Amino acid sequence: MQETIFDKIISKEIPAEIVYEDDQCLAFKDVNPQAPVHILIIPKKSIAKIADADVQDQNILGYLMLKAGEIADELGVKDAFRLVINNGEGAGQTVFHLHIHLLAGRALTWPPG
Ligand code: 5GP
């Protein structure tokens, strides 16, 4: 799989404001935040997009969701946050390393754009 900017963030080749890290995942502030709290949660394993995940990835996918809840709690937004995964260019995906957007800190309307 092609290396992305997120691989460089994982390897610390380029800096990011990291809010959580362990051996399986990394969470850091989005460089172009769409809400007062905008965190990207990524697996260290390279999966280009959610549609490319397979059964071997089910543990890491569940793990990322649990971490999202923990990070929201840590950041004081556990009562109102939104998780978003863009899959494919047509859905707005620009970085092809799976990531969960955690958005909070403002009113989040529905349906999303
Ligand atoms: P996507 O559009 O693929 O769902 O989301 C990619 C996100 O990555 C965007 O919100 C964009 O602002 C963020 N992003 C792109 N490059 C960088 C970077 O170098 N550092 C950080 N922290 N975020 C980035």
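Everything here concerns the structure above.
So, here's what we can say about the structure. Fair warning: this is a prediction, and the values are worked out from it, not measured in the lab.

By nearness alone, 17 residues border the ligand, and Asp30, Asn86, Gly92, Thr94 and His101 come closest of all. For the ligand, an oxygen atom lies 2.7 Å from a polar atom in the backbone of Gly92. Between an oxygen atom of the ligand and a side-chain N or O atom of His99, the distance comes to 2.9 Å. Burial of the ligand by the surrounding chains reaches 82%, relative to a free accessible area of 510 Å². Of all the secondary structure elements, the ones that give two or more residues to the shell around the ligand are α1 (5–10) and β2 (25–29).

The next thing to look at is the pairing of β2. Taken across its five residues, β2 has four buried, putting it largely inside the fold. Hairpin connection between strand β1 (residues 18–21) and β2: a loop of three residues separates the two successive antiparallel strands. Relative to strand β3 (residues 37–43), β2 runs antiparallel, the two being bridged by five bridges. Residue pairing across strands places Lys29 opposite Ile39, the latter belonging to β3.

What follows covers helix α2 (residues 58–74). Helix length check: α2, at 17 residues, gives a terminal C-alpha distance of 24 Å against a target of 24 Å (1.5 Å per residue), a fit within 8%. Turning to α2, its buried residues number three or more, namely Ile60, Leu64, Lys67, Ala68, Ile71 and Ala72. Angular distribution of buried residues about the axis of α2 spans 135°; they occupy a single face of the element. Facing away from the buried side of α2 by over 90 degrees, the exposed positions are Gln58, Asn59 and Leu66. Along its buried surface, α2 packs onto β1, β2, β3, β4 (81–84) and β5 (100–104).

Conventions adopted
Residues numbered from 1 in each chain as written. Predicted model: local features only at pLDDT ≥ 70, side-chain atom pairs only at ≥ 80, totals over all residues. Heavy atoms only, no water. Near = heavy atom within 4 Å. Polar contact = N/O pair within 3.5 Å; in protein donor to acceptor, adjacent residues only side chain to side chain. Areas by Shrake-Rupley, 256 points an atom, 1.4 Å probe, with all protein chains shown as cover. Helix = DSSP H or I, 4+ residues; strand = E, 2+ residues; numbered from the N terminus. Buried < 20%, exposed > 50% of the residue type's maximum accessible area, 1.4 Å probe, protein only. Pairing = 2+ DSSP bridges. Expected span 1.5 Å × (residues − 1). Arc of directions from axis to C-beta. Contact = heavy atoms within 4.5 Å.

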